[in-house]
Amino acid sequence: GIYDHLGGGFARYSVDDRWLVPHFEKMLYDNAQLLELLALAWRKTGDDLYRRRARETVEWLTREMVVAGGGFASSLDADSEGEEGKFYVWSLAEIERLLGAEDAAFFAKAYDITAGGNFEGHNIPNRLLSGSASAEEEARLVPLRAKLLAARARRVRPGLDDKVLADWNGLMIAALANAGAMFDEPDWIALSARAFRFVSDSMTRDGRLGHSWRAGGLLFPGLSSDYGAMIRAALALHRATGEGSFLERAAEWEALLERHHASPETGGY
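Residues numbered from 1 in each chain as written. Predicted model: local features only at pLDDT ≥ 70, side-chain atom pairs only at ≥ 80, totals over all residues. Heavy atoms only, no water.

Draft legend 1. Broad picture of the pattern of salt bridges. Tallied over the entire structure, the rule returns 18 salt bridges. Where R53 meets E56, a salt bridge forms, and the shortest distance between an N and an O atom there is 3.1 Å. One end of the pair, R53, and the other, E56, are both in helix α2 (residues 48-64), 3 residues apart, so they sit about a helical turn from each other. R53 gets classed as buried once you look at its relative accessible area, which sits at 15%. The shortest N-O distance in the salt bridge between E185 and R55 comes to 3.2 Å. With E185 in the loop between α6 (166-183) and α7 (186-202) and R55 in helix α2, the pair connects residues that are 130 residues apart, well separated along the chain. What emerges from the salt-bridge pattern is a single network uniting D4, K26 and R152. (Salt bridge = Lys/Arg side-chain N within 4 Å of Asp/Glu carboxyl O. Helix = DSSP H or I, 4+ residues; strand = E, 2+ residues; numbered from the N terminus. Buried < 20%, exposed > 50% of the residue type's maximum accessible area, 1.4 Å probe, protein only.)

Spelled out as structure tokens, the structure:
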């Protein structure tokens, strides 16, 4: 339930011990770290489920979280129309109306959709009961999810926190670069590089990083976490592309981190 089975991406946390009921807010930094972990898990195990979830998460990121210029927004709210999770939950009757009786019954069995609901009279699509399915069943579910996603897009959307944070963007930039290289997804690396350029061009003054950007306004100066995440992002892009400019920028930011944030007394930042 903590995973958005229709639109991709992970909610912030679960409020129950079964991981059924999420706090419906989606955060950039959670999804960045999970994307990279999905790629590492796939490389270790070869399980295609990890690849599918990684791809769906990037599709969500591309569709809903990219701001003008290429940076990534911070989060999607949990609430819409004053009710937490309203955008994401379903009734069985609504699914039957959209899919027809036969397909609705098939979808409902796979995703735990009932007349009484699995959460306060509503349904959170999940695979806790059904688990994995055959390749044929999974293929049948693909267009059904797409129909429901298209219908969900017509609902009142949760609010978007569209400020761009350098440290959270750094986490996602590195995740896209590393996962893109592992999965051989050049578009992910291009998406990563575009966001990197946004932070590098729009969120710096005299080379120094700012922390937060929104609507042309920059909160300056940045934090040590901004430098740490963006240095790591630059190194990931250098590894993924071989372009020397990313390595040069990493070295420049490391020098600024040492100059402005290092504590000679403790050795920390």
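Draft legend 2. A look at the packing of α6 against helix α8 (residues 224-241). Direction vectors running N to C along α6 and α8 enclose 20°, while the axes themselves pass 8 Å from each other. Accordingly, the angle class assigned to the pair α6 and α8 is roughly parallel. Considering only the axes of α6 and α8, their crossing is left-handed. Contacts from A166, D167, G170, L171, I173, A174, A177, N178 and A181 in α6 reach S225, D226, A229, M230, R232, A233, A236, L237, R239 and A240 in α8. Per-class residue counts for the contact of α6 with α8 are 12 nonpolar, 3 polar and 4 charged. (Axes fitted to C-alpha atoms, helices over the stretch in contact; angles between N-to-C directions. Parallel < 35°, antiparallel > 145°, perpendicular 65-115°, else oblique. Left-handed = near helix turned anticlockwise from the far one by under 90°. Contact = heavy atoms within 4.5 Å. Nonpolar A, V, L, I, M, F, W, Y, C, P; charged D, E, K, R; others polar.)

Draft legend 3. Spatial organisation of the side chain of R127. Within the secondary structure layout, R127 lies in the loop between α4 (101-111) and α5 (135-152). Owing to a relative accessible area of 14%, R127 belongs among the buried residues under this scheme. Here E138 takes part through its side chain, which lies 2.8 Å from a polar atom of the side chain of R127. Once you skip the residues sitting within four places of it in the chain, R127 turns out to touch H5, A110, Y111, S132, A133, E138 and L141. (Polar contact = N/O pair within 3.5 Å; in protein donor to acceptor, adjacent residues only side chain to side chain.)

Draft legend 4. Geometry of the packing of aromatic side chains. Throughout the structure, instances matching the rule amount to 11 aromatic pairs. Here the aromatic rings of W42 and F183 are separated by 4.8 Å at their centres, their planes lie at 50°, and the arrangement is tilted. Taken together, the residues W42 in helix α1 (residues 28-45) and F183 in helix α6 connect sequence positions 141 residues apart. Take W42 and F183: they sit in the same class, and that class is buried. Their ring planes at 75° and their centres at 5.7 Å tell us that F183 and W188 sit as a pair that is edge-to-face. W188 matches F183 in its accessibility class, with the two residues each being buried. One aromatic cluster in this structure is built from F24, F87, Y88 and F119. In this structure, R140 is placed above the aromatic ring of F106, and the distance from its NZ or CZ to the ring centre is 4.0 Å. (Phe/Tyr/Trp six-rings, centres within 6.5 Å; stacked < 30°, edge-to-face > 60°. Lys NZ or Arg CZ within 6 Å of the ring centre and 35° of its normal.)

Draft legend 5. Representation of the nonpolar core in the model. Counting 62 residues, the largest nonpolar core has L35, L61, F72, L176 and F196 as the members making the most contacts within it. Secondary structure elements with two or more residues in this core: α1, α2, α6, α7, α8 and α9 (244-261). Counting residues per element, this core draws most heavily on α6, which supplies 9 residues. Those residues in contact with L176 that lie beyond four places of it in its chain are L35, V58, L61, F72, W188, I189, L191 and S192. (Core = buried A, V, L, I, M, F, W, Y, C linked by side-chain atoms within 4.5 Å.)

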